[in-house]
Amino acid sequence: MNDLILALDFGGTKLTAATVARSEVLSGGREWLARQRVFSPANADAQFDISTIVTLGKQILKGAAPQSIGVSFGGPANYATGMIRRSDHVPGWENTPLKRLLEGEFAAPVRLDNDANVAALGEQQFGAGKGYQDLLYITVSTGVGGGWILAGRPWRGRDGMAGEIGHVVVDAHGPDCLCGKRGCVERYASGPYMAQDARQWLEQEPQRGAILRELSREAPLSAKMLAVAARQGDELAEEILLRGAWALGVGIGNTANLMNPSLFVLGGGVTKAGDPWWETVRRIAGETALNDMVFDIVAAALGDDAPLWGAVALALYNL
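Conventions we followed
Residues numbered from 1 in each chain as written. Predicted model: local features only at pLDDT ≥ 70, side-chain atom pairs only at ≥ 80, totals over all residues. Heavy atoms only, no water. 1 Å grid on protein atoms, 1.4 Å probe; cavity = no way out; pocket = protein on both sides within 12 Å on 5 of 7 lines; lining within 4 Å. Points joined across faces, edges and corners; volume = space filled by probe spheres on them. Nonpolar A, V, L, I, M, F, W, Y, C, P; charged D, E, K, R; others polar. Helix = DSSP H or I, 4+ residues; strand = E, 2+ residues; numbered from the N terminus. Contact = heavy atoms within 4.5 Å. Pairing = 2+ DSSP bridges. Axes fitted to C-alpha atoms, helices over the stretch in contact; angles between N-to-C directions. Phe/Tyr/Trp six-rings, centres within 6.5 Å; stacked < 30°, edge-to-face > 60°. Buried < 20%, exposed > 50% of the residue type's maximum accessible area, 1.4 Å probe, protein only. Lys NZ or Arg CZ within 6 Å of the ring centre and 35° of its normal. Parallel < 35°, antiparallel > 145°, perpendicular 65-115°, else oblique. Left-handed = near helix turned anticlockwise from the far one by under 90°. Disulfide = S-S within 2.5 Å.

Enquirer: Where do I start with the layout of surface pockets in this structure?
Expert: When its volume is computed, the second largest pocket comes out at roughly 160 Å³. If you go around the second largest pocket, the residues you meet are G12, T13, S40, P41, A42, N43, A44, H89, V90, P91 and T142. Across the lining of the second largest pocket, the residue classes break down as 5 nonpolar, 6 polar and no charged.

Put into structure tokens, the structure is as follows:
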């Protein structure tokens, strides 16, 4: 009997497909049988993403049929219906019946959810949140999103929109966010917004950011470049990174006051920014939360594969 599970991850900038043996996962194994990832071009749209990930999936399956498929999607997704509401970073995803499309391509049952919910499930089942009954997973990358585990199970809210910590307002007079509000956590803490601010600050303050300015001559400015420049002593890069850490810390502290979870698990590329970033997030979260609040803030154990392992957990639900 076929033992394959197919895990798919539609990220904001990359597409990943992987397979794992169900029997191995159930016995504690954590090895991919096959895994492929491609980066999306700047002009990618929904049709490109779908056709690319279907191709990746069929390549790693090598003609075999999966028992079940789990899908992580980087944007609002309806877990109950399998519909994608939209993507804030890739055009053309509005009201796409992704579950139906993938079931037609692979002839196997599909479960899907947004990437933060899926990564939360992955970390709780297989990673840093193992053994915890309540946690919030936060991804800090192209955007900032969150996924809840409450009483040991995913909690999605009425319309599947629970956990949107990226759009908690930390400064009502702050800069405009893509969601239409101002001063959101995501507007300060996400990689693309930090890079955007850095470009503007370099133009407005030519006397600052010498190291960052030099690095950006070799490649497009990114959050990763900010971290490199900050480690080399660039004060402008450090200011932008730690401002993002401040915003995230405020969001976490307020969330702790509201929901009182035991654990916050942080994943995504921005979390690799270094010790000063982590120290700022933890300090500001502690200062924002009530004195009686006790919680831990830890790095995701599964790294960039948290959504993929969460997709495996979703696929297991089908079986």
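Moving on from the model shown.
Enquirer: Even after reading the chapter, I still don't get empty space enclosed by the protein, so can you show me in this structure?
Expert: One way to see where empty space is left: roll a probe the size of a water molecule over the atoms. Within the structure shown, the criterion is met by 1 cavity of 30 Å³ or more. Residues of the lining of the largest cavity, tallied by class, amount to 4 nonpolar, 4 polar and 1 charged.

Enquirer: Got a minute to help me understand the side chain of S40 in this structure?
Expert: Mapped onto the elements of the fold, S40 is located in the loop between β3 (34-39) and α2 (46-61). Those residues in contact with S40 that lie beyond four places of it in its chain are T13, K14, L15, F48 and D49.

Enquirer: What exactly am I supposed to notice about the sheet that holds strand β2 (residues 14-21) here?
Expert: Whenever strands of a sheet pair, they do so through backbone hydrogen bonds, lying parallel or antiparallel. Spatially, β3-β2-β1-β4-β7 is the arrangement adopted by the 5 strands of the open sheet, whose pairing is mixed. Strand pairing shows two members of the sheet lacking a second neighbour, β3 and β7 (110-114), which therefore form its edges. Across the sheet, the mean angle separating the axes of adjacent strands is 10° when strand polarity is ignored. As defined by bridge partners, strand β4 (residues 68-73) adjoins β7 across 5 bridges and the pair is classed as parallel. Bridge pairing in β7 places G70 opposite R111. Contacts from helix α3 (residues 98-106) reach β1 (4-10), β4 and β7 within the one sheet, and its direction differs from that of β7 by about 145°. Strands in contact with helix α4 (residues 115-126) are β4 and β7; relative to β7, the strand with the most contacts, it is inclined by about 105°.

Enquirer: Hey, could you run me through the packing of aromatic side chains in this one?
Expert: Aromatic ring pairs are described here by two measures, namely the spacing of the ring centres and the angle between the planes. All told, the structure shown has 8 aromatic pairs when counted by the stated rule. Each ring, one from F10 and one from F73, has its centre 6.0 Å from the other, and the planes form 50°; the classification is tilted. Linking F10 in strand β1 with F73 in strand β4, this pair joins segments that are 63 residues apart in sequence. For the pair F10 and F73, a shared accessibility class is recorded, and that class is buried. A centroid spacing of 5.5 Å and a plane angle of 85° characterise the contact between F10 and W93, whose relative ring orientation is edge-to-face. With F10 in strand β1 and W93 in the loop between β6 (83-84) and α3, this pair connects stretches of sequence that are 83 residues apart. The residue whose ring lies beneath R30 is W309, and the NZ or CZ to ring-centre distance is 6.0 Å.

Enquirer: Mind showing me how you'd approach the packing of helix α8 (residues 223-231) against helix α9 (residues 235-259) here?
Expert: When two helices pack together, their arrangement is given by the angle between their axes and by how far apart the axes lie. It is at 8 Å that the axes of α8 and α9 come closest, and there the two elements cross at 125°. By the criterion of interaxial angle, the relationship of α8 to α9 is oblique. Regarding α8 and α9, the two cross each other, and that crossing is left-handed. Facing α8, whose interface residues are L226, A227, A229 and A230, α9 presents A237, E238, I240 and L241.

Enquirer: Would you mind showing me how to read the state of the cysteines here?
Expert: Any covalent bond linking the sulfur atoms of two cysteines counts as a disulfide. For the coordinates displayed, the defined rule picks out 0 disulfides. Sulfur of C177: no disulfide; nearest cysteine sulfur belongs to C179 and is 3.8 Å away. For C177, a relative accessible area of 7% translates into the label buried. There is no disulfide at C179, and the cysteine sulfur nearest it, in C184, is 3.7 Å away. Given a relative accessible area of 34%, C179 falls into the partly exposed group.

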